[in-house]
Amino acid sequence: MPATWSRPDGALYIWLKMPEATDLESARETALADADVGYQPGPLFAPDGVSGRNYARLCFGYNTPEEIHEGIAALAAVFERRGDL
């Protein structure tokens, strides 16, 4: 995936950053329905409520490493089908 992500110094979340044109807010429902992968889109955390559409907050505190790998692969497949990759 053409993505970068943060390295956590604590807490249970990382930030996923996709290319500027990617709309992770609109992809969220598809990811949940088609791949059973959930995340919080960036605008939920932006002061203006709209910027950061190419960001997602991912939780890694609940799932096993294997489930995380499967989830990221499923998420990448959703983005590919949508034309985001």
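## Re the overall build of the protein
Working step 1: Scanning the protein for helices and strands turns up two helices and four strands.
Working step 2: Moving toward the C terminus, one meets the helices and strands of the protein in the order β-β-α-β-β-α.
Working step 3: Relative to a compact globule of 85 residues, whose C-alpha radius of gyration would be 12 Å, the protein shows 12 Å and is just as compact.
Working step 4: Its C-alpha atoms give the protein principal-axis dimensions of about 35 × 30 × 20 Å.
Working step 5: For the protein, the residues scored as buried account for 29% of the 85 residues in total.
Working step 6: Taking the intrachain contacts of the protein between residues at least 6 apart in sequence as the baseline, contacts between residues at least 24 apart amount to 56%.
Working step 7: Accessible surface computed for the protein: about 5500 Å², of which carbon and sulfur atoms make up 54%.
Working step 8: The distance from the centre of the 7 positive side-chain charges to the centre of the 13 negative ones in the protein is 4 Å.

## Here we look at the packing of aromatic side chains
Both the distance between ring centres and the angle between the ring planes are used here to describe each pair of aromatic rings.
Working step 1: Scanning the model with the defined rule gives two aromatic pairs in all.
Working step 2: With centroids separated by 5.3 Å and ring planes inclined at 90°, the aromatic side chains of Trp15 and Phe45 adopt a geometry described as edge-to-face. In this pair, Trp15 is assigned in strand S2 (residues 13–17) and Phe45 in the loop between strand S3 (40–41) and strand S4 (55–59), connecting sequence segments 30 residues apart.
Working step 3: The exposure class of Trp15 is partly exposed, given its relative accessible area of 32%.

## Some details on the environment of Met18
Working step 1: Note that Met18 resides in the loop between S2 and helix H1 (24–35).
Working step 2: Taking the relative accessible area as the measure of exposure, Met18 reaches 1% and is therefore buried.
Working step 3: In sequence terms Met18 and Ser6 are twelve residues apart; their C-alpha atoms lie 12 Å from each other.

## Notes on the pattern of salt bridges
Working step 1: Applying the stated criterion across every chain yields a total of four salt bridges.
Working step 2: Of the charged contacts in the structure, one is a salt bridge between Arg82 and Asp84, with a shortest N-O distance of 2.7 Å.
Working step 3: Residue classification places Arg82 among the partly exposed residues on the basis of a relative accessible area of 33%.
Working step 4: By relative accessible area, Asp84 is classed as buried at 16%.

Reading the values: the criteria
Each residue is numbered by its place in its chain's sequence as written, counting from 1. The model is predicted, so local features are restricted to residues of pLDDT at least 70 and side-chain atom pairs to those at 80 or more, both for listing and for counting; the totals for chains, interfaces and linings are taken over all residues. Only hydrogens and water are set aside; all other atoms, that is, all heavy atoms of the structure, feed into the side-chain values. A run of H or I in DSSP counts as a helix once it spans at least four residues, and a run of E counts as a strand once it spans at least two, with each numbered from the N terminus. For this measure, only C-alpha atoms enter the radius of gyration; the expected value for a globule follows 2.2 Å times N^0.38, where N is the number of residues. Throughout, exposure labels follow a simple rule: accessible area from a 1.4 Å probe, protein chains only, divided by the maximum for the residue type, with under 20% read as buried, over 50% as exposed, and the rest as partly exposed. Residue contacts are defined here by distance: any two heavy atoms, one from each residue, within 4.5 Å place the two residues in contact. The method behind every accessible area is Shrake-Rupley, applied with a 1.4 Å probe, and residues are considered shielded solely by the protein chains displayed. Only four residue types enter the tally: Lys and Arg on the positive side, Asp and Glu on the negative side; His and the chain ends are excluded. The location of each charge is read from NZ of Lys, CZ of Arg, CG of Asp or CD of Glu. Between 30 and 60 degrees the pair is tilted, below 30 it is stacked and above 60 it is edge-to-face, where a pair is any two Phe, Tyr or Trp rings, Trp via its six-membered ring, whose centres lie within 6.5 Å. For this analysis, a salt bridge means a side-chain nitrogen from Lys or Arg found within 4 Å of a carboxyl oxygen belonging to Asp or Glu.

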